[in-house]
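If you want the building blocks of each chain, they are given just below.
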Amino acid sequence: MVIKPKIRGFICTNAHPVGCAESVKRQIAYVKSQAELSDRPKNVLVIGCSTGYGMASRITAAFGAGAKTLGVCFEKEPTERKTGTAGWYNTAAFHQEAEKAGLYYKTLNGDAFSHDMKKQVIEAIKSDLGSVDLVIYSLASPRRNDPDTGEAYVSSLKPVGETYTTKTFDTNKEIVHEVTLEPANQDEIDNTVKVMGGEDWELWIKALTEANVLSDNCTTTAYTYIGKELTWPIYGHATIGKAKEDLDRASSAINSQYQNVKAYVTSLKAVVTQASSAIPVMPLYISLMYQVMKDEHCHEGVIEQIYGLFNTLLLKEAPPVDEVNRLRMDTVETNDEIQDKIKAIWPQVTTENFPELGDYAGYHQDFLHLFGFGFENVDYEADVSPLAAW
Ligand code: NAD
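Report follows, based on the coordinates. Predicted model only: the values in this text are computed from it and were never measured.

Comments concerning the site of the ligand
So, point 1. Every one of the 30 residues lining the ligand counts as a neighbour, but Ser50, Glu75, Ala112, Lys244 and Thr273 are closest to it.
So, point 2. Within the side chain of Thr51, a nitrogen or oxygen atom sits 2.9 Å from an oxygen atom of the ligand.
So, point 3. Interatomic distance of 3.3 Å between a backbone N/O atom of Leu139 and an oxygen atom of the ligand.
So, point 4. A total of 840 Å² of accessible area belongs to the ligand in isolation, and the protein chains cover 93% of it.
So, point 5. Counting only elements with at least two residues in the shell around the ligand, the list comes to helix H2 (52–65), strand E11 (214–224) and helix H8 (274–277).

See the structure below:
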């Protein structure tokens, strides 16, 4: 079939297998072009391994350190008539490249929040790896079923405390307009913490410890976004920010409970991923931030951020941490100079001048790339099979 992007609101409902493979290959090429990592994890578990920051973590561990990687994700398999999800194709491409490089890989597709998936992962570690020395927790999900009660929880992307009116960019209609976001009630806050907070990360570490499959010197990290004043009302101080605060609680609980595990929350910069495109205001903020950071020659995407994290902080004996023991890869984005430049542009942005003031072209290209579209060296007129086996 000939596969063209089907964009619906902030999501693309199909994906291109060849383009997704191109995206994975480019990330691998970037990692290979950098110095080999001096601190090398051996056996790495990546929870949320198929797209965005999790995929970049898997690629960095495998191709920057020669690590064996075991991944968990939740992706849709293609059929003869319907494409699979981007994460499916990314994983197929990662497997192919790992195979060529002689690297161990295994991916388990299913619900990471469930007890059953934890059991499957433990079995795979026991039979193939013995233990893991690095656990990356990179899930982004709008819902979670409690593994004990089966109760379904849905997260919200809302301000906390008061109504928030701001500018946003509608990626569907391509207009800049004002949006008023009503504050979340307590239930919505609690449910978001249940989905995106630290409880499941703790359950993973508990299950892996009880099964005795964590190495004597294991590191684990969960990813967060902190941001600054422009994004606090919808992120840092909003429902999702409350969930992210719970990661700090979980990290400290893991550190005090397990002597062999070093847990960190890592704050990463804002980038275009399937998760971030769904958050109101973020497409506008990211477009302006991209423009400013590209002008200042300090722009980074997912793979540069994660390679930098592995190379400079994550596996060091005593890395520099912030006041709540977090690793910070976001300091270039959040420094006052960059933020002041974004703040100066923000009030001036209109639908008409947005293409000049912001890097929406860059944002949109990154968005298309997430689904394997928009690569100049991929033939999008070609008839391709949507099928790709793992
Ligand atoms: P993403 O949407 O690209 O990736 C999410 C991953 O989670 C995918 O591999 C998906 O398959 C997996 N997943 C979702 N639900 C699952 C489930 N029930 N079971 C198994 N796997 C499941 O998201 P992302 O932006 O890379 O986000 C990853 C983490 O990084 C999140 O914690 C996010 O908050 C954080 N982060 C993102 C940004 C950003 O700007 N995108 C910035 C800083 C931190």
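Back to the text.
With respect to the pairing of strand E10 (residues 175–181)
So, point 1. Bridge analysis of strand E9 (residues 164–170) against E10 gives 7 bridges, and the strand direction is antiparallel. By the bridge assignment, Tyr164 is partnered in E10 with Leu181.
So, point 2. Hairpin connection between E9 and E10: a loop of 4 residues separates the two successive antiparallel strands, and Glu174 in this loop has a positive phi of roughly 55°.

Points about the environment of Phe169
So, point 1. With respect to the helices and strands, Phe169 occurs in strand E9.
So, point 2. Separated by 182 residues in the primary sequence, Phe169 and Thr351 have C-alpha atoms spaced 8.2 Å apart.
So, point 3. Not counting residues up to four positions away in its chain, the partners in contact with Phe169 are Glu174, Ile175, Val176, Pro283, Leu284, Phe354 and Tyr360.

Side note on the nonpolar core
So, point 1. Among the nonpolar cores identified, the biggest contains 90 residues, and Ile59, Tyr285, Ile286, Phe310 and Leu314 are the most heavily contacted of them.
So, point 2. No other element matches helix H9 (residues 282–295), which puts 9 residues into this core.
So, point 3. Residues contacting Ile286, with those up to four places away along its chain left out, are Ala270, Val271, Val272, Ser276 and Tyr363.
So, point 4. Listed in part, the 34 residues of the second largest apolar core include Leu70, Val72, Val213 and Val265.

Some points on the environment of Ala318
So, point 1. One can find Ala318 in the loop between helix H10 (302–314) and strand E13 (327–328).
So, point 2. Considered as a pair, Ala318 and Pro386 are 68 residues apart in the sequence and their alpha carbons are 46 Å apart.

Each value, and the rule that gives it
- Residues numbered from 1 in each chain as written.
- Predicted model: local features only at pLDDT ≥ 70, side-chain atom pairs only at ≥ 80, totals over all residues.
- Heavy atoms only, no water.
- Near = heavy atom within 4 Å.
- Polar contact = N/O pair within 3.5 Å; in protein donor to acceptor, adjacent residues only side chain to side chain.
- Areas by Shrake-Rupley, 256 points an atom, 1.4 Å probe, with all protein chains shown as cover.
- Helix = DSSP H or I, 4+ residues; strand = E, 2+ residues; numbered from the N terminus.
- Pairing = 2+ DSSP bridges.
- Contact = heavy atoms within 4.5 Å.
- Core = buried A, V, L, I, M, F, W, Y, C linked by side-chain atoms within 4.5 Å.
- Buried < 20%, exposed > 50% of the residue type's maximum accessible area, 1.4 Å probe, protein only.

Worth remembering: the numbers are spatial, not functional.
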